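# Chains, contacts and geometry: an overview
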Amino acid sequence: EYADKFLNILDTFRPAVVLTGAGVSTASGIPDFRGPDGLYNRISPKIFELEFFLKNPDVYYSLAMRKIHDLRDVEPNTTHELLRLLEEQGFVNAIITQNIDGLHQKAGSMRVIELHGNANEFYCMNCRKYYSIAVVIDKVSKDSIPHCSCGGLIRPDIVFFGESLPESAVMHAQEASVNCNLFVVMGSSLVVFPAAGFPRVAVENGAYLLIINRGETGLDYLADMKFNCDLESFSKVVIEKLGQP
Ligand code: OAD
């Protein structure tokens, strides 16, 4: 039984650093990228390339605004809840996330490192003024391309393919990975770098690597333990067991 194994591993090696991917948010209704119902079966990964965005901001905004950015009605699920509880109880000391949905924070997790930015934030490429999602939604409804009061193009504060990751996030993720005894991956295919490099950093520094993901990942061969399962049902069982004395 995975939940018992998980709690044993946590007890032995605590605290853990956790790397999360799109698979922790599918139960909240956000599609992942490369799973069977993934976004990339429907739209081209090109939409997340910087060059594409700069050439076709109108196409980006018409496709991405509703599906990617407007998360006002989206709620955290059982796995976000589990990670918050584990942090509160001292079992997890950092969450490194590739997700831009902000759901770990919405669930109450405090130590979240966002590698790929946040879908709720936007800024002007000319003067750097920040814009909230609500203002950008309003602007897009009036004009297909949102512009700043200075005339500059407003872009999302997310990492496009072709861009480097935010320096301080990378620094913190690196430090957390080097220093942990246990590194847990949840819901990521582990094929996008540099994010998928952190499990290796952890292993090279002596950590135990546990991967929890439905389906294969790019780093299964490196794992000390792999749980191939649905995270929602897994997390439910773990929370029940945590609640028992
Ligand atoms: P992927 O879509 O590549 O991988 C998500 C993994 O989660 C897949 O292997 C799914 O099978 C698994 N999964 C989905 N739902 C699950 C569930 N309920 N329980 C267990 N497993 C489940 O997503 P990421 O690895 O996060 O980057 O993708 C990494 C990056 O690629 C993203 O951050 C994004 C994307 O292009 C950028 O846009 C820069």
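Quick note: structure is the one above.
Keep in mind it's a predicted model, so treat the numbers as computed, not measured.

Taken together, 21 residues lie near the ligand, and Arg-34, Tyr-40, Ser-188, Ser-189 and Arg-214 sit nearest. Between the ligand and Phe-33, the relevant distance is 2.7 Å, taken from an oxygen atom to a main-chain nitrogen or oxygen of the residue. Arg-34 places a main-chain nitrogen or oxygen 2.7 Å from an oxygen atom of the ligand. In isolation the ligand exposes 800 Å². Once the protein is present, 95% of that is buried. Looking at the shell around the ligand residue by residue, the class counts come to eight nonpolar, nine polar and four charged.

Within helix H6 (residues 133-142), burial applies to Ile-133, Val-136 and Val-140. In an axial view of H6, the angular spread of the buried residues amounts to 60°, which keeps them on one side of the axis. Residues Ser-141 and Lys-142 are exposed on H6 and point more than 90 degrees away from its buried face. Where the residues of H6 are buried, they touch helix H3 (57-69), strand S4 (117-124), strand S5 (130-132) and strand S6 (154-158).

Attention shifts here to the pairing of S6. In terms of burial, S6 is largely enclosed, as four of its five residues are buried. Both S4 and S6 contribute to a ladder of four bridges, which runs antiparallel. Looking across to S6, one finds that Phe-122 is bridged to Pro-156.

Moving on, we get to the sheet that holds S4. Strand order across the open sheet formed by three strands is S5-S4-S6, with antiparallel pairing between neighbours. Two strands bound the open sheet, and with one partner strand each, they are S5 and S6. Across the sheet, the axes of successive neighbouring strands diverge by a mean angle of 40°, strand direction being ignored. As paired strands, S4 and S5 are joined by three bridges and run antiparallel to one another. Counted as the bridge partner of Glu-121 is Ser-132 from S5.

As a further point, take the side chain of His-116. With respect to the helices, strands and loops of the structure, His-116 is situated in the loop between strand S3 (112-114) and S4. Assessed through its relative accessible area of 14%, His-116 is described here as buried. Beyond its immediate sequence surroundings of up to four residues, His-116 is in contact with Thr-97, Gln-98, Ile-100, Asp-157, Ile-158, Val-159, Leu-165 and Ala-195.

Quick notes on the rules
Residues numbered from 1 in each chain as written. Predicted model: local features only at pLDDT ≥ 70, side-chain atom pairs only at ≥ 80, totals over all residues. Heavy atoms only, no water. Near = heavy atom within 4 Å. Polar contact = N/O pair within 3.5 Å; in protein donor to acceptor, adjacent residues only side chain to side chain. Areas by Shrake-Rupley, 256 points an atom, 1.4 Å probe, with all protein chains shown as cover. Nonpolar A, V, L, I, M, F, W, Y, C, P; charged D, E, K, R; others polar. Buried < 20%, exposed > 50% of the residue type's maximum accessible area, 1.4 Å probe, protein only. Helix = DSSP H or I, 4+ residues; strand = E, 2+ residues; numbered from the N terminus. Arc of directions from axis to C-beta. Contact = heavy atoms within 4.5 Å. Pairing = 2+ DSSP bridges. Axes fitted to C-alpha atoms, helices over the stretch in contact; angles between N-to-C directions.

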